[in-house]
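# Structure assessment
Spelled out from the first residue to the last, the chains are:
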Protein chains: 2
Amino acid sequence: MKLTEAKQQFISSWGAFGTHWGINRTMAQIHALLLVSPEPLTQDDIMEELTISRGNTNMNIRELINWGLVDRVLISGERKEFFSAEKDIWKVVKQIVKERKKRELEPMLQLLDKLEAVEGDKKDKEVKTFVDTISGIKKLGKQADKTLDTMIRAEESWFVGALMKVFK
Amino acid sequence: MKLTEAKQQFISSWGAFGTHWGINRTMAQIHALLLVSPEPLTQDDIMEELTISRGNTNMNIRELINWGLVDRVLISGERKEFFSAEKDIWKVVKQIVKERKKRELEPMLQLLDKLEAVEGDKKDKEVKTFVDTISGIKKLGKQADKTLDTMIRAEESWFVGALMKVFK
DNA sequence: ATATATTTTCAATAATTTTTGAAATTTCGG
DNA sequence: CCGAAATTTCAAAAATTATTGAAAATATAT
């Protein structure tokens, strides 16, 4: 397979992959494109490569920057802004985990705390099932939260080695 | 907070949560409803509780069954079918991990194998960056694959205890 | 067997999300 | 400062995804 074709397949698959994870196709494609680009790209480069509009490009680049996956790069002597993606995949994963934890897991845990304190007699089957379910989710969620915290602080080399000793 | 209100909030949040994970709102809401129901429910119960159409209910229940999260339950003396959700959250998580691994991670790893074998001189910066990126993703992906396999086989009690010793 | 209850399907419709493109704003060299 | 280049915004349009509801298929009681 030629590089051009391989690149296109990667970008397109990464985009499809993203949609299963609540990330929009274009954002994932821009990320993929930057991941495989040796040099930082401009907005125009990205527009052209992916044949998408200026507005769309701009919004999704900004979103990638919010997620901490892409950086603005200044190139001296150039007026335009350049963008580049973090290439270390372990850092990328940690960054995504960090953001999703903050945006999704933590608010969910807060809600569960409130819901667990529902009024009513625990001898009532309805109440008991509700409280038990919420408690179960909360327990696992809290555990996941702690585990992810540690993972975010971990080095890849350490992670890969040590984890396999536990999960044996 | 009263049970009715708490239940509604849980169902609605679980639905919103689902959309961040590529699961449609209704499917997640039906799942949430079944999770907090002490007894199995019929399609009509679900339709009424969530005020959604028969077709929608039917399709999403079927999808939940495909995911292995909901079971058909036969109740003797009843003509209608009843549905109930697995209440053990650890089992639920393992089931979801198992399915997503099969549906997403494994196909992605297969693609990466193909893409890594791209033609071209590795001294070419374009080629080198591409291959390095793909290799990096593949390496982490393969590792994740193995780790998830072990997790799928694990007991919760073991998982919760042992994992915290590593991630300390 | 037949009638009736129940489940499933799927084309049409509705809702939501994404994308466009042109106008407004900002940035920066001269 | 001025003017051109670059970036950002956002209302409208397009594309995608979810939902409805009625008809078809299936299952079951009598």
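Everything numeric here is computed off the predicted structure, so don't read it as measured data. (Residues numbered from 1 in each chain as written. Chains lettered and ligands numbered in written order. Predicted model: local features only at pLDDT ≥ 70, side-chain atom pairs only at ≥ 80, totals over all residues. Heavy atoms only, no water.)

## Describing the relation of the copies chain B and chain A
You can overlay chain B on chain A at an RMSD of 0.0 Å; the transform is a turn of 180 degrees with a shift of 0.0 Å along its axis. The two molecules are tied by a two-fold rotation axis, judged by turn and shift. Mapped onto chain A, 100% of the interface residues of chain B are again interface residues, and the two copies thus contact each other with one and the same surface. (Least-squares fit on C-alpha atoms with pLDDT ≥ 70 in both. Contact = heavy atoms within 4.5 Å.)

## Description of the protein's contact with DNA strand D
Around DNA strand D, the structure places 18 residues, and the nearest of them are Asn58, Arg62 and Glu81 of chain A together with Thr26 and Ser53 of chain B. Within 4 Å of the protein, the contacting atoms of DNA strand D are 64% sugar and phosphate, with bases supplying the remainder. Take glutamate 81 of chain A: an N or O atom from its main chain is 2.8 Å from a phosphate oxygen of DNA strand D. Only helix H4 (54-66) of chain A together with helix H4 (54-66) of chain B provide two or more residues apiece to the surface near DNA strand D. Of all the elements, H4 of chain A adds the most residues to the surface near DNA strand D, at 5 residues. The residue inventory of the surface near DNA strand D, partitioned by class, reads 2 nonpolar, 8 polar and 8 charged. (Near = heavy atom within 4 Å. Polar contact = N/O pair within 3.5 Å; in protein donor to acceptor, adjacent residues only side chain to side chain. Helix = DSSP H or I, 4+ residues; strand = E, 2+ residues; numbered from the N terminus. Nonpolar A, V, L, I, M, F, W, Y, C, P; charged D, E, K, R; others polar.)

## Brief notes about the protein's contact with DNA strand C
Lining the immediate surroundings of DNA strand C are 17 residues, of which Thr26, Ser53 and Arg79 of chain A together with Asn58 and Glu81 of chain B lie closest. A share of 62% is what sugar and phosphate atoms reach among the atoms of DNA strand C within 4 Å of the protein. In this structure, threonine 26 of chain A approaches DNA strand C through a side-chain N or O atom, which is 2.7 Å from a phosphate oxygen. In the model, a phosphate oxygen of DNA strand C is placed 2.7 Å from a nitrogen or oxygen of the glutamate 81 of chain B main chain.

## Here we look at the sheet that holds strand S1 (residues 41-42) of chain A
By definition, the strands of a sheet pair up through backbone hydrogen bonds, in either a parallel or an antiparallel sense. Residues and elements named next belong to chain A. Here we have 3 strands laid out as an open sheet, ordered S1-S3-S2, and antiparallel in their pairing. The sheet is open, and its two edges are formed by S1 and strand S2 (70-73), each paired on a single side. Sheet topology places S1 next to strand S3 (residues 82-85); 2 bridges connect them, and they run antiparallel. From the neighbouring strand, leucine 41 faces S3, where its bridge partner is phenylalanine 83. In the packing of helix H2 (residues 25-35) onto the sheet, the strands contacted are S1, S2 and S3, and the crossing angle to S3 comes to about 85 degrees. (Pairing = 2+ DSSP bridges. Axes fitted to C-alpha atoms, helices over the stretch in contact; angles between N-to-C directions.)

## A closer look at helix H3 (residues 43-50) of chain A
Residue and element names in this part refer to chain A. Listing the buried residues of H3 in full gives Gln43, Ile46, Met47 and Leu50. In a view along the axis of H3, the buried residues occupy a sector of 100 degrees, so they form one face of it. In H3, the exposed positions that point more than 90 degrees away from the buried face belong to Glu48 and Glu49. Those residues of H3 that are buried lie in contact with helix H1 (3-19), H2, S1, H4 and S3. Phi turns positive one or two residues past the end of H3, at threonine 51, with a value near 45 degrees. (Buried < 20%, exposed > 50% of the residue type's maximum accessible area, 1.4 Å probe, protein only. Arc of directions from axis to C-beta.)

## What about the environment of glycine 15 of chain B?
All names here are of chain B. Position of glycine 15 among the secondary structure elements: in helix H1 (residues 3-19). The class of glycine 15 is buried, set by a relative accessible area of 0%. Note: C-alpha distance between glycine 15 and valine 93 (78 residues apart in sequence) is 16 Å. Setting aside chain neighbours within four positions, we find glycine 15 in contact with Arg25, Ala28 and Gln29.

## What to know about the domain arrangement of chain A
All names here are of chain A. Looking at the assigned domains, one finds that chain A contains domain 1 (3-85) and domain 2 (89-166). Between the C-alpha centres of domain 1 and domain 2 the distance comes to 31 Å. In this complex, domain 1 contributes 8 residues to the contact, which on the side of domain 2 involves 7 residues. Interface area for domain 1 against domain 2, summed over the two sides, is near 650 Å², with a carbon-plus-sulfur share of 66%. The largest per-residue losses of area from domain 1 upon contact with domain 2 belong to Trp21, Trp67 and Leu69, which jointly make up 67% of the total buried on that side. (Domains from an automatic or database assignment. Buried area = accessible area lost by both parts, 1.4 Å probe.)

## With respect to the packing of helix H2 (residues 25-35) of chain B against H4 of chain B
Residues and elements named next belong to chain B. Interaxial distance between H2 and H4 falls to 9 Å at its minimum, and their mutual angle equals 75 degrees. Put simply, H2 runs roughly perpendicular to H4. In contact with Thr26, Met27, Ile30 and His31 of H2, H4 contributes Asn56, Thr57, Asn60, Ile61, Glu63 and Leu64. (Parallel < 35°, antiparallel > 145°, perpendicular 65-115°, else oblique.)

## Description of the interface of chain B and chain A
Contacts between the two partners involve 58 residues from chain B, matched on the other side by 58 residues from chain A. Between chain B and chain A the total buried area reaches about 5600 Å² when both faces are included, carbon and sulfur atoms providing 74% of it. Inspection of the chain B/chain A interface yields 6 salt bridges. A salt bridge links glutamate 39 of chain B to lysine 125 of chain A, with the shortest nitrogen-to-oxygen separation between them at 2.6 Å. (Salt bridge = Lys/Arg side-chain N within 4 Å of Asp/Glu carboxyl O.)

## Observations regarding the pattern of salt bridges
Opposite charge on two side chains lets them pair, provided their charged atoms get close. Scanning all chains against the criterion turns up 34 salt bridges over all chains. Notably, a salt bridge pairs lysine 101 of chain A with glutamate 106 of chain A, separated by 2.6 Å at the nearest N-O pair. Residue classification places lysine 101 of chain A among the buried positions, given a relative accessible area of 7%. Residue aspartate 44 of chain B is joined to lysine 80 of chain B by a salt bridge in which the shortest nitrogen-to-oxygen separation is 3.1 Å. Here aspartate 44 of chain B is found in helix H3 (residues 43-50), whereas its partner lysine 80 of chain B is found in the loop between strand S1 (70-73) and strand S2 (82-85), with 36 residues between them in sequence. For lysine 80 of chain B, a relative accessible area of 44% puts it in the partly exposed group. A single network of salt bridges, built from pairs that share partners, joins Lys101, Glu106, Asp145 and Asp149 of chain A.

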